[in-house]
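Reading the structure
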Amino acid sequence: MAVGMLTTDAHERVAFRDRANRLGLWLFLASEAFLFSAVIAARFSVAGLSRPRDLNQPLGLAITAVLLASSLSAYLAESAAVAGDRRGLAHHLRLTIVFGLAFLVGVGVEWSEGLRSFPPTTAYGSAFFTLVGLHAFHVLTGMAALSIVLGLTRRGRFGPGDTWGIEAVVKYWHFVDVAWVFIFPTLYLVR
Amino acid sequence: MQAMRTESSRLRARVGLRAFAVLAVLTVVEWIAATRLTWALAVLVPVALVKAWVILDAFMHVRQLRHAREG
């Protein structure tokens, strides 16, 4: 009887911890959404609807495609974790990190072009470098988190039913994608 | 058990691929609107909102939050 009560208590504690973890993560993502919204609003306040003529729009489209593909691979990594497929999990985590790296290379090219065409001293340039820089920093931290999860996976962590670590990192990665969904039109398409 | 997991994994992969296809099509719609329309903002804002919802719903399982609150 006492053992049964203890087991029920332990189950309840685990269930509560999972709910608290999930709610905490969503609250954190909501606070991040406020940050990105403020900087996006600043772009319109500082530079209106204008954008430079020599802005590399095809490059913006290419890195958008790369980031969307990274969201798919992150989702497949989470699916593999749920199914207990360790190899699939490691493969898709690696793929997501590679996509993230490709995105950052694209941002680097974009910045080198942008520094010549619309430096941060111009209205559009200040909005562009702040917004893209803030987002690129999030991509970088997401890649660091994915690398940690990949390392832990190789060491045998995360079995079926113990996927919270992966779920949290993957959700953060998707959030970075959601932020870009608004940044891309804000910087590259609006006029 | 293993067969159920494989089936569930296949189903999830299909959901992911479908969401990715929708996102790709919507990105092309954004691009066309931005390059062809004079006032693209009217198209860009709703399309961005739909894209964000697709990611939140299909990839981030935002609807789980309601179940978590109930459970």
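Use the structure listed above.
Residues numbered from 1 in each chain as written. Chains lettered and ligands numbered in written order. Predicted model: local features only at pLDDT ≥ 70, side-chain atom pairs only at ≥ 80, totals over all residues. Heavy atoms only, no water.

1. Side note on helix α5 (residues 164-189) of chain A
Just so we agree on the cut-off: Only DSSP runs of H or I reaching four residues or more are called helices, and only runs of E reaching two or more are called strands; each is numbered from the N terminus. Here the expected length of a helix is defined as 1.5 Å per residue gap, with one fewer gap than residues. Using a 1.4 Å probe on the protein chains alone, a residue whose accessible area is under 20% of its type maximum counts as buried, one over 50% counts as exposed, and one in between counts as partly exposed.
Its 26 residues give α5 of chain A an end-to-end C-alpha distance of 37 Å, which sits within 8% of 38 Å, the value for a rise of 1.5 Å per residue. Counting buried positions along α5 of chain A gives 23 out of 26 residues, so the element sits mostly inside the fold.

2. Describing the interface of chain B and chain A
Our working rule: By definition in these notes, contact holds between two residues if any of their heavy atoms fall within 4.5 Å. When two parts are brought into contact, each loses some accessible area as probed by a 1.4 Å sphere; the total of that loss over both is the buried area. Any carboxyl oxygen of Asp or Glu within 4 Å of a side-chain nitrogen of Lys or Arg constitutes a salt bridge here.
Taken together, the contact pairs 35 residues of chain B with 34 residues of chain A. Regarding the contact of chain B and chain A, the summed buried area is about 3100 Å², with carbon and sulfur atoms giving 74% of it. Counting the surface chain B buries against chain A, the share from its top three residues, Arg12, Trp31 and Met60 of chain B, is 22%. One can count zero salt bridges joining chain B with chain A.

3. What to know about unusual backbone geometry
Residues and elements named next belong to chain B. You will see that His61, though not glycine, has its phi angle at about 50 degrees, which is positive. Note that His61 resides in the loop between α2 (41-59) and α3 (64-70). A residue is classified by how much of its surface remains accessible, and His61, at 16% relative accessible area, is buried.

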